[in-house]
Amino acid sequence: MGVITSFKRNFSDLFKKLFNKQNARIGIYGPPNAGKTTLANRILRDWTGDAMGSVSNVAHETRRARRREGVTINTNGSSITLDIIDTPGLATKIDFHEFMEQGMDEAESKRRAKEATEGVIEAVKWLENLDGVILVMDATEDPFTQVNVTVIGNMEARDLPLLIVANKVDLPEASPSTIRDAFPQHPMVSISALEGKNIETFYEELAKRFG
Ligand SMILES: Nc1nc2c(ncn2[C@@H]2O[C@H](COP(=O)(O)OP(=O)(O)OP(=O)(O)O)[C@@H](O)[C@H]2O)c(=O)[nH]1
Ligand SMILES: [Mg+2]
C-alpha cells in the first residue's frame, strides 16, 4: 500500500472517530412477556419496514439480544437516529417446569431454560454498553418487582436516561397509574404495543429522552 493511500485511510479512520458521533444505543428491557419484542417490531415496522424478532405468549421467547442499527425516527419536526437492542426478559428465577407447563417435553424445556438463563446474563452485560433504556412493563402486573427496581436503580446510579413504558393498556385490567405511582421520578408513557395505541406520544418521548 502506498504511503498516500495509507495516510488517507488512517486520516479517514481518525476523522470518523473524532467527528462521527455514534448513534445512541437504546436497550429495550423488562420482565418476560412484557411486550418488548412487540414494541421493537412496531418501531422497526414504522421506521424501517423490517421486524426485530418473534413474539410469543410463552415467556422467554427472546433468548439472545438483537440489535438493529441506525433506526431514524422523525417526530414533531425533529429527527433522531438510534441503535435499538431487544433483550431477553429479565427474571430472577427460571425453572424448566415453566416450559413443561406450556406443553414442551423435558429436554426442550431444559434447553430453553438454559438458553433463557444465558439470555438474562447477556442482557445484563449489555447494560454496560448503553446510552439509555426503555423499560417495558405489563400494566396488568404489579410493577414493584426486583427486576424493575434493579434496572431503574442501575440507570439512576449511572445517571443514564430511562423511559418507562406501561404496555398493554388495551386490556381492561391495565393500571398504568400504578406504574406511575411506583416510579414517579421517571417519565412514563402508556401504550399498547400490540394495537399501536398512543405510539405517537411514545415516539415524542423517545426523541425528548434520547435525542
Ligand atoms: N393485549 C396486549 N398484548 C400484548 C401487547 N404487547 C405484547 N402483547 C402480547 O404479550 C405476549 C408477549 O409479547 P412479546 O413481545 O413476545 O414479549 P417480550 O417482552 O418480548 O417477551 P420475552 O421475549 O419472552 O422476554 C405476546 O402474546 C404478545 O402478543 C399489548 O400491547 N397488548
Ligand atoms: Mg422478546
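Figured I'd write up the structure that's included with this text.

Rules used in this analysis
Residues numbered from 1 in each chain as written. Chains lettered and ligands numbered in written order. Predicted model: local features only at pLDDT ≥ 70, side-chain atom pairs only at ≥ 80, totals over all residues. Heavy atoms only, no water. Salt bridge = Lys/Arg side-chain N within 4 Å of Asp/Glu carboxyl O. Helix = DSSP H or I, 4+ residues; strand = E, 2+ residues; numbered from the N terminus. Near = heavy atom within 4 Å. Polar contact = N/O pair within 3.5 Å; in protein donor to acceptor, adjacent residues only side chain to side chain. Areas by Shrake-Rupley, 256 points an atom, 1.4 Å probe, with all protein chains shown as cover. 1 Å grid on protein atoms, 1.4 Å probe; cavity = no way out; pocket = protein on both sides within 12 Å on 5 of 7 lines; lining within 4 Å. Sits in = over half its atoms within 2 Å of the grid points. Nonpolar A, V, L, I, M, F, W, Y, C, P; charged D, E, K, R; others polar. Donors = N, O, S within 2.8 Å, 3.2 Å for Na, K, Ca; no water. Buried < 20%, exposed > 50% of the residue type's maximum accessible area, 1.4 Å probe, protein only. Contact = heavy atoms within 4.5 Å.

The full count for this structure, using the stated rule, is twelve salt bridges. Between R111 and E115 there is a salt bridge whose closest N-O contact spans 2.6 Å. Taken together, the positions of R111 and E115, both in helix α4 (residues 106-126) and four residues apart, correspond to about one turn of that helix. A salt bridge links K208 to E205; its shortest N-O distance comes to 3.2 Å. Separated by three residues within a single helix, K208 and E205 lie in helix α7 (residues 199-210), roughly one turn from each other.

What follows deals with the site of ligand 1. The local shell around ligand 1 holds 23 residues, among which K36, T38, H60, T62 and D170 are the closest. Interatomic distance of 2.8 Å between a backbone N/O atom of E61 and an oxygen atom of ligand 1. Side-chain polar atom of K168 to an oxygen atom of ligand 1: 3.1 Å apart, as the coordinates give it. Contact with the protein chains removes 90% of the 660 Å² of surface that ligand 1 exposes when unbound. Taken atom by atom, the bulk of ligand 1 overlaps the largest pocket. Ranked by residue count, the leading element in the shell around ligand 1 is helix α2 (residues 36-47), at three residues. Residue composition of the shell around ligand 1, by class: eight nonpolar, eleven polar and four charged.

Turning to the coordination of the magnesium ion (ligand 2), a few remarks are in order. Here the magnesium ion (ligand 2) is held by T37 (OG1) and T62 (OG1), and the distances to it run 2.0 to 2.1 Å. One end of the pair, T37, is in helix α2; the other, T62, is in the loop between α2 and β2 (66-75), with 25 residues separating them in the sequence. Taking relative accessible area as the criterion, T37 reaches 7% and is therefore assigned buried.

With that out of the way, let us pick up the side chain of D138. Among the secondary structure elements, D138 is positioned in strand β4 (residues 132-138). Within the structure, D138 has its side chain in polar contact with the side chain of T140 (distance 2.7 Å). Excluding anything up to four places from it in sequence, D138 contacts N33, A34, N167 and K168.

Note that all results are geometric; they support no functional claim without further evidence.
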